[in-house]
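Secondary and tertiary structure notes
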Number of protein chains: 2
Amino acid sequence: MAPPDSALARLRSHLHQTRLLGSISSALYYDQNTVMPAAGAAWRGDQLALLAGQLHERQSSADYAELVAAAEDELDADALPERRRNLQLLRLELERQRCLDPALVAALAKAQSRGNAVWQDARARNDFAAFAPALQELIALRRQQASQLAAAEPVARSPWEVLAQPFEPEVTKARLEELFAPLKTELPHLLQQVAGSRSVEPACTSRGGAEPLDWPEAMQEELCTALLERWGYDASRCQRSRSAHPFSCTVGPQDFRITTRVVPGQPLSAFLATAHEWGHSLYEQGLPRSGDHYFPWPLGEATSMGVHESQSLFWECRVARSRAFAERWHPHFCAALGREPWGDAEGFWRALNPLRPGLIRVEADELSYCLHIVLRYELELALLEQDMPVEALPEQWNQRMHNLLGIQPQSDAEGCLQDIHWAEGLFGYFPSYALGHLISAQLAEAMEQEWGEGAIEAAIGAGQESRLHDWLAQRVYPLGRSVDAEGLVQQVSGAPLSAAPFLRYLRHKLEPLQA
Amino acid sequence: MAPPDSALARLRSHLHQTRLLGSISSALYYDQNTVMPAAGAAWRGDQLALLAGQLHERQSSADYAELVAAAEDELDADALPERRRNLQLLRLELERQRCLDPALVAALAKAQSRGNAVWQDARARNDFAAFAPALQELIALRRQQASQLAAAEPVARSPWEVLAQPFEPEVTKARLEELFAPLKTELPHLLQQVAGSRSVEPACTSRGGAEPLDWPEAMQEELCTALLERWGYDASRCQRSRSAHPFSCTVGPQDFRITTRVVPGQPLSAFLATAHEWGHSLYEQGLPRSGDHYFPWPLGEATSMGVHESQSLFWECRVARSRAFAERWHPHFCAALGREPWGDAEGFWRALNPLRPGLIRVEADELSYCLHIVLRYELELALLEQDMPVEALPEQWNQRMHNLLGIQPQSDAEGCLQDIHWAEGLFGYFPSYALGHLISAQLAEAMEQEWGEGAIEAAIGAGQESRLHDWLAQRVYPLGRSVDAEGLVQQVSGAPLSAAPFLRYLRHKLEPLQA
């Protein structure tokens, strides 16, 4: 415990207030996406901008910089490594904030807001040309930002790498290319195999013509509630609502929210999204909070977006789409539905795993998801670092989609206009989604190396998902930002991150589907 | 329109930001009382305290004071009266903020928080002695606050009057005694009359033994929805939720929220509370917003708490508890319920108007409500200005309750410990509730002076409540803080505020009940 008048104690108190402010934004975001009436949007935007301005000020002011410097001066030779690491992370973030020109920050905020509006309209009208100038401006501004930020980086990084740091600390293009190369080779091959085998077997029943695809909302809600209750949902710390897009958000150290939605025509969507968002929330709930070095310090934060995604994907894909889970939950679904539309538990499992390439990333399954990411990642590099003109984007998108997934969009709305990320200038984020799949698979392999092959399915089959949670809560959650994603994987699995476990997992999963 | 670099324009921008900050607190309050999980309470308290500190700073800083002074300096002889009034109101509030000792502000905040906690516990255990020291401390601090604030008041005011100013501008004890005197004489008399007539007629059926008092929640919700739809509820600007205690709150200039609750054993409670809260919300929605002198200036704010309450009571009592309303809605209630438990529409009307004295203020009807307020008002004066020891409170409460309402609590929990107000040091607020009844009645009389006697019942009977709303929206809502409550009543009704219209209304209402 630092003496109350030390710079360290004052810095801690500053960070605590920063966390309070940030969490107010989270509460407003949650309200905005669950209950706020539409006419409240403009005022809400002003509220959030006010808080963002205050946050930026707290994280870049001269007073704060002095506080960090004073805390660094207090470090002596025998200071704990946790304390050093926290100060290093704060110093890096401070330098990043401070090397940005405020005029650029303001210009970016404006361009992002404009980009979003133009994109909404362009997508609705399938008019890429209307969006192109806004995208061009965002790219120019983000390149400028990257060049300003580069000065703060401790090592040389390319513009794309600089922009990706906040999401995936220490990520490099070289490493991503290494990780993605086997995905680019193997996944299209696996997709073809499945397509071949599927053509000779009856279509998955819930996707067939007979079954009406809309189940009553109340029934879908009940199944989600049953799932959350089995997975440790505690209403005194958690709140669940409906929103247009599912998300998970943390409003306070003891206040966790998740949302789901019922999607017409996709009766399993709400259930799987609940599993996904709950995985995010479990991770947030398990981040280290007690002790001198965690909350509100950086060490108490999520390791990276890739690790965050690995936790949601573990619960969605590895658990809720597993064979054992399908067998255990098949009776519950039949009872809720009042009939049996899949033939048997095997059919229900296939319904949980359609495994068909589609045009839309957010609807993609485990087999094609990473290819959607590879496509976006490579296009981001082309746009940001290789001077590809934005006008070439639709054609490049469609051609790459054809090469990777064997399908092609009929319109830009379901092609290069489908995601919101670029419309808000968000470059550098997409790869974290793919890393989530790889990390989840490698952590699962580590779990089975400890417990024996098939132990995860066995635990699920026995309704003992709490064992899986306990393992993650002991090995993964406590690491926070003491490591980056690669460091976390190395520490937990004993091996460097690689695509091999993910590909092994997929091949194993596909075996019965090709029988 | 003021030139953009004028002090007036800068002041306006300052006030706009202050409103933004304040509305963030409102959004957090709404979230806290509708969806926040219990474990989030401590962090939420810290979030709200952070915002309260920022608000106080914005409203009392030297920079802000300079801005107000500069705007005053810009006033010339032909400045519009609205501009003068806004600056006067801002100056008064600024002086109030600035004459408070920050140490006292902090001590009060702490004592209020402690008072609330001690009271919760003391009420649960019916232990007034445990609460007495906390109450004593709050009284001492509030007296100190009143003595500091007195310096800012433009006229001499007693301590109680000083504390009541934020809720009811310009209120005086002399005026309240004048207004309350006829209530103290007449209401007990009317209560006795009703009690006498009720003893010889069958009990109102929904209160009788046969009808189970709990209706399905979904059915109660549906009736509330039907009411709101008839009364102009617009989901694009409004949001409705459930909470432990009903309230109305404004989260942005186009973002209005109300809540209701289903009360076991009181099947009409949710419906009447919805009418009440919607009355508050309609007023907020109708406050003047356009033009140079209104939002975010003081003129765009509610006139007073008494006027606010007059608007909720108008829709709850004058409209939803009226005979014409009962006749119109009787079939809807029977259809929703699937049977007829009241005998006829007359019986339903009686169920909406139980008119029996009870111990609890928040459950009191139009006949006894104001007596609950008189009792509290007189005790506040005794505690704050007449050196009544807090230990005497229970006995004084019970004795006055007996004198005014003819009943006596069996415990302090349902006596002097029932309300939260004093537990948070909130003195000076209660009379606004009673003023709300008087103002509502006088506005209704003015309406009928214009339209003819019985016109309100006729409009309700014809399902034309929108006419009532239009009248209020033209005469009452636009006044904002251009006047105080007395000024509003004088301007709208052409006569000074008095208890006579309220007593006339009650006598008229009671006639059929005594037949």
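Everything numeric here is computed off the predicted structure, so don't read it as measured data. (Residues numbered from 1 in each chain as written. Chains lettered and ligands numbered in written order. Predicted model: local features only at pLDDT ≥ 70, side-chain atom pairs only at ≥ 80, totals over all residues. Heavy atoms only, no water.)

What to know about the overall build of chain A
The cut-off we apply is this: Segments assigned H or I by DSSP are reported as helices when at least four residues long, segments assigned E as strands when at least two residues long, and all are numbered from the N terminus. Atoms considered for the radius of gyration are the C-alpha atoms alone. The globule rule reads 2.2 Å times the number of residues to the power 0.38. Type-normalised accessible area, obtained with a 1.4 Å probe on protein chains alone, sets the label of each residue: buried when under 20%, exposed when over 50%, and partly exposed for intermediate values. It only takes one pair of heavy atoms within 4.5 Å for two residues to be counted as in contact. For accessible areas, the Shrake-Rupley method is used with a probe of radius 1.4 Å. Any residue's cover is judged against the shown protein chains and nothing else. The positive count covers Lys and Arg only, the negative count covers Asp and Glu only, and His and the chain ends enter neither. Lys charges are placed at NZ, Arg charges at CZ, Asp charges at CG and Glu charges at CD.
Along the backbone of chain A there are 20 helices and 3 strands. A compact globule built from 515 residues would reach a C-alpha radius of gyration of about 24 Å, and chain A, at 23 Å, matches this within 12%. For chain A, the spread of C-alpha atoms along the three principal axes comes to 70 × 50 × 50 Å. Residues classed as buried in chain A amount to 55% of the 515 residues present. The contacts of chain A with a sequence gap of at least 6 include a subset with a gap of at least 24, amounting to 72%. For chain A, the exposed surface amounts to about 20,800 Å²; the carbon and sulfur share of it is 52%. Between the averaged position of the 46 positive side-chain charges in chain A and that of its 67 negative side-chain charges there is a distance of 1 Å.

Digging into the environment of A:V362
One can find A:V362 in the loop between helix 13 (345-352) and helix 14 (369-385). Each C-alpha atom of the pair A:V362 and A:Q418 lies 9.4 Å from the other, and the pair is 56 residues apart in sequence.

Considering the sheet that holds strand 1 (residues 238-242) of chain A
Whenever strands of a sheet pair, they do so through backbone hydrogen bonds, lying parallel or antiparallel. Residues and elements named next belong to chain A. Condition: Here, any two strands with at least 2 DSSP bridges between them count as paired. Structural elements are reduced to axes, namely lines fitted to C-alpha atoms, with helices fitted over the stretch in contact, and the angle between N-to-C directions of any two is expressed from 0 to 180 degrees.
The mixed open sheet is built from 3 strands, whose spatial order is 1-3-2. In this open sheet, the two strands that pair with only one neighbour each are strand 1 and strand 2 (248-252). Taken pair by pair, the neighbouring strands of this sheet meet at an average axis angle of 25°, ignoring direction. Relative to strand 3 (residues 255-260), strand 1 is paired through 5 bridges, and the arrangement is parallel. Its bridge partner being in strand 3, S241 is matched across the sheet by T259.

Quick notes on the pattern of salt bridges
Residue and element names in this part refer to chain B. Selection rule: The working definition used for a salt bridge is a side-chain nitrogen of Lys or Arg within 4 Å of a carboxyl oxygen of Asp or Glu.
All told, the structure shown has 65 salt bridges over all chains when counted by the stated rule. For the salt bridge of E153 with R96, the shortest nitrogen-to-oxygen distance reads 2.9 Å. With a gap of 57 residues between them, E153 in the loop between helix 6 (128-149) and helix 7 (159-164) and R96 in helix 4 (residues 81-98) connect regions that are remote in the sequence. Just as E153 is buried, R96 falls in that class too. Taking the shortest distance from any N to any O, the salt bridge between E378 and R400 comes out at 3.3 Å. Placement of E378 in helix 14 (residues 369-385) and of R400 in helix 15 (residues 393-405) is noted, with a sequence separation of 22 residues between them. Judged by its relative accessible area of 22%, E378 falls in the partly exposed class. Judged by its relative accessible area of 22%, R400 falls in the partly exposed class.

As for helix 13 of chain A
All names here are of chain A. Worth spelling out the cut-off: N or O atoms closer than or at 3.5 Å make up a polar contact, with two conditions inside protein: a donor-capable atom paired with an acceptor-capable one, and, for residues adjacent in sequence, both atoms drawn from side chains.
The element helix 13 is extensively covered by neighbouring structure, given that 7 of its 8 residues are classed as buried. Along helix 13, the residues classified as buried are A345, G347, F348, W349, R350, A351 and L352. Capping the start of helix 13 is the job of one residue whose side-chain oxygen sits 3.2 Å from the backbone nitrogen of E346: D344.

Focus on the relation of the copies chain B and chain A
Quick reminder of the rule: Only residues with pLDDT of at least 70 in both copies contribute their C-alpha atoms to the least-squares superposition of the copies.
Overlay of chain B on chain A (RMSD 0.0 Å): rotation 180°, translation along the axis 0.0 Å. The two molecules are tied by a two-fold rotation axis, judged by turn and shift. Interface overlap between copies is the fraction of interface residues in one copy that are interface residues in the other; for chain B against chain A it reaches 100%, indicating a shared surface.

Points about the pairing of strand 2 (residues 248-252) of chain B
The pairing of strand 2 of chain B with strand 3 (residues 255-260) of chain B spans 4 bridges and is classified as antiparallel. The residue of strand 3 of chain B that forms the bridge with B:S248 is B:I258.

Let's talk about helix 9 (residues 217-230) of chain B
Residue and element names in this part refer to chain B. Heads up, the rule is: Multiplying one less than the number of residues by 1.5 Å gives the expected span of a helix.
With 14 residues, helix 9 should reach 20 Å at 1.5 Å per residue; the first-to-last C-alpha distance of 20 Å fits that figure. Contacts from the buried residues of helix 9 go to strand 1 (238-242), strand 3, helix 10 (269-286) and helix 12 (323-337). In the segment just after helix 9, G232 is the residue with positive phi, at about 90°.

Some thoughts on the sheet that holds strand 2 of chain B
All names here are of chain B. Read across the sheet, 3 strands follow the order 1-3-2 without closing on themselves; strand pairing throughout is mixed. If you trace the sheet from one side to the other, it starts and ends with strand 1 and strand 2, each paired once. Ignoring which end each strand starts from, the neighbouring axes of this sheet average 25° apart. Against the sheet, helix 9 contacts strand 1 and strand 3, and its axis sits at roughly 160° relative to strand 1.

Here we look at the packing of helix 11 (residues 305-320) of chain A against helix 16 (residues 430-451) of chain A
Residues and elements named next belong to chain A. The test is simple: Left-handed describes a crossing in which the near helix is turned anticlockwise from the far one by less than a right angle; the clockwise case is right-handed. Each residue receives one of three labels: charged for Asp, Glu, Lys and Arg, nonpolar for Ala, Val, Leu, Ile, Met, Phe, Trp, Tyr, Cys and Pro, and polar for the others, Gly being one of them.
Close contact between helix 11 and helix 16 brings their axes to 7 Å; oriented N to C, the two are set at 65°. Seen along the crossing, helix 11 lies across helix 16 with a hand that is right-handed. Between helix 11, through M305, G306, V307, E309, S310, Q311, L313, F314, C317 and R318, and helix 16, the contact on the second element is made entirely by S432, Y433, L435, G436, H437, I439, S440, L443, A444, M447 and E448. Looking at the contact of helix 11 with helix 16, its residues break down into 11 nonpolar, 7 polar and 3 charged.

Considerations on the packing of aromatic side chains
Residues and elements named next belong to chain A. Selection criterion: Pairs were defined over the aromatic rings of Phe, Tyr and Trp, the Trp ring being its six-membered one, requiring ring centres within 6.5 Å. Orientation was assigned from the angle between planes: stacked under 30 degrees, edge-to-face over 60, tilted for the rest.
Taken as a whole and judged by the stated rule, the model has 54 aromatic pairs over all chains. Between F128 and F131, the aromatic rings sit 6.3 Å apart at their centres with planes inclined by 75°, giving edge-to-face as the arrangement. Pair noted here: F128 and F131 are both in helix 6 (residues 128-149), with a separation of 3 residues, about one helical turn. With respect to class, F128 is no different from F131; both count as buried.

Brief notes about the environment of B:V390
Residues and elements named next belong to chain B. Structurally, V390 can be placed in the loop between helix 14 and helix 15. Spatially, the C-alpha atoms of V390 and Y294 are 43 Å apart, while their sequence positions differ by 96 residues. Look past the residues within four positions of V390 in its chain and what remains in contact with it is F128, A132, L135, Q136, I139 and L383.

A short note on the confidence of the model for chain A
All names here are of chain A. Worth spelling out the cut-off: Summary of the metric used: pLDDT quantifies the predictor's per-residue confidence within the range 0 to 100.
In the predicted model, chain A carries a mean pLDDT of 93, and 96% of its residues have values of at least 70. pLDDT under 50 marks residues 199-210. Its contacts with residues more than four places away, or in other chains, come to 16 contacts. Overall fold confidence for the complex sits at a pTM of 0.93, while the interface term, ipTM, reaches 0.92.

Comments concerning the interface of chain B and chain A
Our working definition: Note on definitions: buried area is the accessible-area loss of two parts on being combined, 1.4 Å probe, summed for both.
Every contact between the two is made by 36 residues of chain B and, on the other side, 36 residues of chain A. Between chain B and chain A lies a buried interface of about 2,800 Å² when both sides are counted; carbon and sulfur atoms form 67% of it. Counting across the chain B and chain A interface gives 15 residue pairs in polar contact (both at pLDDT 80 or more). Mapped onto the side of chain B that touches chain A, the elements with two or more residues apiece are helix 1 (7-34), helix 2 (41-60), strand 1, strand 2 and strand 3 of chain B.

Quick notes on unusual backbone geometry
Look at the link from A:F295 to A:P296: it is a cis peptide, with omega at 0°. Backbone geometry at A:D387 places phi at a positive 55°, although glycine is not the residue there. Counting through the fold element by element, A:D387 comes out in the loop between helix 14 and helix 15 (393-405). Phi at B:E170 takes a positive value of approximately 70°, unusual for a residue other than glycine. Secondary-structure assignment places B:E170 in the loop between helix 7 and helix 8 (173-199). Here B:E170 falls in the partly exposed class, since its relative accessible area comes to 42%.

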